[in-house]
Amino acid sequence: MSGVRKWEHFDYDERDGVATLTFSRPERLNALTFEVYADVRDLTDSLRSRGDEIRVLVIRGKGRGFCSGGDVDEIIARLVEMDTRGVYEFARTTGACVRNLREIPQPVIAAVNGIAAGAGAVLAAAADIRVLAESASFRYLFTSVGISGGDMGVCWLLPRIVGMGRAAEILLLGGKITSHEAEAWGLASRVVPDAELDAAVADYVGRFKELAPWGLAMTKEMLNRAASMDYSSAIEMEAWTQTLLMTAEDFREFHAGFTGKRKPEFRGR
């Protein structure tokens, strides 16, 4: 679309309030490079202030896979030559990608086709909704390449998705997780035949676009914060959040739509 910033290291589109980031190195199973990480970080950071305009972010991969993780030639070969400070700065960049996906106000949908491995599997885990084609699979490969299974915040994320015991098995062993195993474990929100992936993603997008943007944003905020709070603090913060939203325009718009027998038009206000 005209006026949308062009990102050099992946495909990006905005249409009807939906942003779509497509990893676009299919010849490398969409392996990540330093530049891809930096662009993911910067794009997601730019969406923080666009909650009214961009309602949903969809992440997907071109070709046979979602994302195979860090490129062995373009990242790992360079990392082994870096000093400690350089590696640390790289790790902070990758972590910022996940932090931004969790903190942006928009719901994030990962449309996973084929393999999601290593950092690709972490980025998918950072999404709010993960829709998997039946051919999809996850592999958290970190220990098999000689590093910690804790990468980019996944040790915080994964136990909250699948439970501590299952997360330990996944991150320690790094084995293949099929789409149906992912669904049974809670790692997949939905599994569909490969040919129906786009339609399933579109269904989620349509459902999100009917809801109040600020309400969705505050729900993400509470899910993130409550995971690290004690029970009483979580209850108190939810009281504050509901007070804020119940005095906002969208709540009044819902009431006006309900009493007027019409669909409410939420504006994120």
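Summary of the structure given here. Given the structure is predicted, the values throughout are model-derived calculations rather than measurements. (Residues numbered from 1 in each chain as written. Predicted model: local features only at pLDDT ≥ 70, side-chain atom pairs only at ≥ 80, totals over all residues. Heavy atoms only, no water.)

Take the overall build of the chain next. The helix and strand tally for the chain stands at eleven helices and nine strands. Compactness check: the chain gives a C-alpha radius of gyration of 19 Å against a globular reference of 18 Å for 269 residues, within 12% of the reference. For the chain, the spread of C-alpha atoms along the three principal axes comes to 65 × 45 × 40 Å. For the chain, the proportion of its 269 residues judged to be buried stands at 48%. Across the chain, contacts joining residues at least 24 apart in sequence account for 69% of those joining residues at least 6 apart. (Helix = DSSP H or I, 4+ residues; strand = E, 2+ residues; numbered from the N terminus. Rg over C-alpha atoms; globule rule 2.2 N^0.38 Å. Buried < 20%, exposed > 50% of the residue type's maximum accessible area, 1.4 Å probe, protein only. Contact = heavy atoms within 4.5 Å.)

Next up on the list: helix 6 (residues 164-173). What helix 6 keeps buried is the set Ala-167, Ile-170 and Leu-171. Down the axis of helix 6, the buried set is contained in an arc of 85°. They therefore lie on one face. Exposed and facing more than 90 degrees away from the buried side of helix 6 are Gly-165, Leu-172 and Leu-173. As for helix 6, its buried residues are in contact with helix 5 (154-162), strand 8 (177-178) and helix 7 (179-185). Just past helix 6, the residue Gly-174 takes up positive phi, approximately 70°. (Arc of directions from axis to C-beta.)

All right, on to the pairing of strand 2 (residues 18-23) then. Strand 2 sits mainly inside the fold: six of its six residues count as buried. Covered by surrounding structure in strand 2 are Val-18, Thr-20 and Thr-22 together with Ala-19, Leu-21 and Phe-23, the residues of both alternating faces. Joining the antiparallel neighbours strand 1 (residues 11-15) and strand 2 is a turn of two residues, in which Asp-16 adopts a positive phi near 55°. Across six bridges, the pairing between strand 2 and strand 3 (residues 56-61) is parallel. Opposite Leu-21, over in strand 3, you have Ile-59 as the bridge partner. Once you follow strand 2 into helix 1 (residues 34-46) and on to strand 3, the crossover reads as right-handed. (Pairing = 2+ DSSP bridges. Right-handed = clockwise from strand over helix to strand, strands pointing away.)

Okay, a nonpolar patch on the surface next. A cluster of nonpolar side chains, contributed by Val-72, Ile-76 and Val-80, occupies part of the molecular surface with about 270 Å² of accessible area. You can see Val-72 is positioned in helix 2 (residues 72-79). (Patch = residues over 30% accessible without salt bridge, like charges linked within 9 Å, V, L, I, M, F, W, Y side chains within 5 Å. Areas by Shrake-Rupley, 256 points an atom, 1.4 Å probe, with all protein chains shown as cover. Salt bridge = Lys/Arg side-chain N within 4 Å of Asp/Glu carboxyl O.)

Before going further, it helps to examine the pairing of strand 3. Summarising burial for strand 3: six of the six residues are buried, a large majority. Here strand 3 shows no split at all, with Val-56, Val-58 and Arg-60 on one side and Leu-57, Ile-59 and Gly-61 on the other all buried. Bridge count for strand 3 against strand 4 (residues 108-112) is four bridges, and the pairing is parallel. The residue bridging Ile-59 from the neighbouring strand is Ala-110, located in strand 4.

For the rest of this paragraph, the subject is the nonpolar core. Counting 57 residues, the largest nonpolar core has Phe-23, Leu-57, Phe-66, Phe-138, Tyr-140 and Leu-158 as its most contacted members. The greatest single-element share of this core, amounting to six residues, is contributed by helix 4 (residues 119-125). Apart from the residues lying within four places of it in its own chain, the contact partners of Phe-138 are Ala-116, Ala-121, Ala-124, Arg-130, Leu-132, Gly-175, Lys-176, Ile-177, Ala-182 and Leu-187. Of all hydrophobic cores here, the second largest spans 16 residues; its members include Ala-133, Ala-200, Val-205 and Phe-208. (Core = buried A, V, L, I, M, F, W, Y, C linked by side-chain atoms within 4.5 Å.)

Turning our attention to the packing of helix 5 against helix 6. Orientation of helix 5 relative to helix 6, taken along the N-to-C sense of each, is 130°, at an axis distance of 7 Å. When the interaxial angle is binned, helix 5 and helix 6 end up oblique. In terms of crossing hand, the pair formed by helix 5 and helix 6 is right-handed. For the pair helix 5 and helix 6, contact is made by Val-154, Cys-155, Leu-158, Pro-159 and Val-162 and by Met-164, Arg-166, Ala-167, Ile-170 and Leu-171, respectively. Partitioned by chemical class, the residues of the contact of helix 5 with helix 6 number nine nonpolar, no polar and one charged. (Axes fitted to C-alpha atoms, helices over the stretch in contact; angles between N-to-C directions. Parallel < 35°, antiparallel > 145°, perpendicular 65-115°, else oblique. Left-handed = near helix turned anticlockwise from the far one by under 90°. Nonpolar A, V, L, I, M, F, W, Y, C, P; charged D, E, K, R; others polar.)

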